[in-house]
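Okay, here's what each chain looks like letter by letter:
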Amino acid sequence: MVWSRTLHIRILSAILVFGFGLSTVHAKAKTPKKAREAKTVSSVSASSSKTEEEFKKSIVQVKISYQEPDYFNPWKKKNPKVRRGVGVVVPGNKIILPAHLVTYSTLIEVKKHSSYAETKATISRIDYETNLALLQVNEEGFYKDLTPLEFHSNITYPKQVSIYQLDNSGSIQSAVGALVSMDLDQYPQGLVELPILDINSTETLNGNGEVVLEDGKATGILFDFSGDKNSGRAIPSFLIQKFLGKFGTTEISYKGFRYRPITDQATKEYYGIKEKDQGILVAEILPNSSAEGALKIGDVILEFGGKKIDSKGYFDHPKYGKQVLSYIAHIGDEFGFQTGKQVPLKILRGGNPMEISLTLKPFPYSSVRIPHRNPSLKSDYYFDGGFLFVELSEGYLLEWGKDWRSKVDRKLLYSFDYDKFGSPGKQEGKIILLSQVIPDESNNGYHEVSGRIVAKVNGKQIQSVKDISNEVKGSKSRYIVILLDDGTEIVMDKNILSEANARIQKEYRIPASGMGEH
């Protein structure tokens with residue numbers, strides 16, 4: 001079924017893109033590139049010219065200055081950079097855009113169609129799960145010639161769409177594309193699988209917030225695009241409306257478990273599954289999640305939220321066809337499932353049929369052992385006597401560059417892949433590394449030690465950098481013994497830390513604020 005559906009989508013996509021490609025190539029042949037870029041209105045747009053002219057009142061340019069954190073030297077930030085994006089005016093005098101554009105921002109400026117001036121904006125709200133952020137502009141009169149854009153409540157595909165942004169002269173730039181499918185996936189900085197629209201286009205796009213339009217209303221906001229593949233991804237309009245509060249709560253729920261398909265006959269018989277294409281196996285449960293206390297590893301889910309679940313985890317959505325069961329738990333407003341609501345399940349436990357329910361909760365961020373993706377899951381560090389202790393995080397591993405998975409220590413890579421989350425009933429805490437030793441006469445002999453997991457401090461298990469800080473400050477012993485995962489013992493002399501810190505600060509120009517626990 002999945003193969004057939006995928007093939008069907010690909011065929012439709014190819015037909016649509018091929019058709020649009022002909023239109024585009026024809027247009028390119030007639031119009032030089034620069035002139036084409038300055039063209040304000042597409043002849044193939046589905047909207048009327050009057051409506052297109054009005055669109056410029058709903059779209060703004062956004063300039064973001066930002067500085068990313070330096071995980072190897074966490075007391076400072078990396079060099080400033082600038083990225084640009086597209087924002088959409090929404091009710092309440094706010095501007096919406098993809099959240100990843102404003103990550104680590106230091107200054108945000110917006111420019112509208114009627115002015116060449118850039119106006120300062122600030123983040124009003126941000127949600128990394130939906131990849132959406134709201135900006136506010138406090139300058140009086142800024143919104144007087146701007147109009148909020150409307151969003152579609154329902155999405156249909158495959159179909160042709162227009163994709164709009166604003167150019168420097170304040171005119172609308174348009175492109176054409178094909179909305180080909182919708183699947184569930186995690187957004188760039190999110191941890192919860194949510195609907196994402198697949199867009200194809202042969203035109204030059206950036207994926208930095210361009211608006212996907214049909215019939216005068218927005219279908220989505222483009223947040224990613226690959227010119228090599230002529231494809232991109234967009235946030236669907238109904239997810240944007242949830243973020244804006246149309247369905248009541250804006251909170252995203254999380255099912256709280258991971259599962260695996262059951263497709264072979266032997267496994268089906270072992271777990272007592274009688275129907276041919278039915279049921280998935282619960283493989284992992286996150287602590288403090290919706291599933292903890294309701295499901296058990298080894299349960300077979302036959303129905304979820306009143307929908308039959310097939311052997312690969314899909315159900316039949318009345319409007320969007322085959323969707324994975326996560327849709328019901330994470331964005332199931334239309335079925336009456338939001339945070340705090342109970343979802344009924346039919347399961348097999350030990351081969352016996354049962355009816356249970358789980359109460360939907362948000363993603364259990366407290367269970368995250370290795371911060372990754374979501375920038376709000378900030379990692380801590382402790383720096384004393386030249387010894388830098390950090391929490392293992394995805395940001396730390398990414399410091400090795402594009403091919404980081406082939407460069408980092410195998411043990412760290414294993415931990416990242418298998419120890420991201422805690423286990424139910426266990427107090428495991430974060431994974432702490434001795435990241436590096438800043439050379440000083442006081443720590444001579446340890447200068448080459450780096451990137452090792454801290455096993456114990458003074459014989460005690462640790463769960464955070466604060467545990468190390470507390471042991472250094474609170475221990476009555478003059479010496480602090482750090483045991484690393486490779487058996488190396490490091491001895492810190494408390495009596496010389498203050499003197500060593502003063503030398504290190506001066507020699508390496510590290511601000512006093514960067515020392516200690518953060």
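Below: a short report on this structure.

What counts and what doesn't
- Residues numbered from 1 in each chain as written.
- Predicted model: local features only at pLDDT ≥ 70, side-chain atom pairs only at ≥ 80, totals over all residues.
- Heavy atoms only, no water.
- Phe/Tyr/Trp six-rings, centres within 6.5 Å; stacked < 30°, edge-to-face > 60°.
- Buried < 20%, exposed > 50% of the residue type's maximum accessible area, 1.4 Å probe, protein only.
- Helix = DSSP H or I, 4+ residues; strand = E, 2+ residues; numbered from the N terminus.
- Lys NZ or Arg CZ within 6 Å of the ring centre and 35° of its normal.
- Pairing = 2+ DSSP bridges.
- Axes fitted to C-alpha atoms, helices over the stretch in contact; angles between N-to-C directions.

### A closer look at the packing of aromatic side chains
Here the structure, examined in full by the defined rule, presents 21 aromatic pairs. On the numbers, 6.4 Å between centres and 50° between planes, the contact of Phe 257 with Tyr 259 is tilted. The buried category is assigned to Phe 257, whose relative accessible area is 0%. With 6.3 Å between their ring centres and 55° between their planes, Phe 315 and Tyr 327 make a pair best called tilted. Linking Phe 315 in strand 17 (residues 314–317) with Tyr 327 in helix 6 (residues 326–331), this pair joins segments that are 12 residues apart in sequence. Assessed through its relative accessible area of 0%, Phe 315 is described here as buried. For Tyr 327, a relative accessible area of 0% gives the class buried. Three or more aromatic residues joined by ring pairs form one cluster here, namely Tyr 254, Phe 363, Tyr 365 and Phe 421. Directly above the aromatic system of Phe 142 lies the positively charged group of Lys 112, at a separation of 4.8 Å from the ring centroid. Of note, Arg 125 hangs over the ring of Phe 243, and the distance from its end group to the ring centre comes to 4.0 Å.

### Overview of the sheet that holds strand 9 (residues 194–200)
Taking strand neighbours around the barrel as the criterion, the 6 strands line up as 7-8-9-12-11-10 in a closed arrangement whose pairing is antiparallel. Pairwise comparison of adjacent strand axes, ignoring direction, gives a mean angle of 45° for this sheet. Where strand 11 (residues 217–226) meets strand 12 (residues 231–236), 6 bridges bridge the pair, whose relative direction is antiparallel. In the strand pairing of strand 12, Asp 224 is matched with Arg 233.

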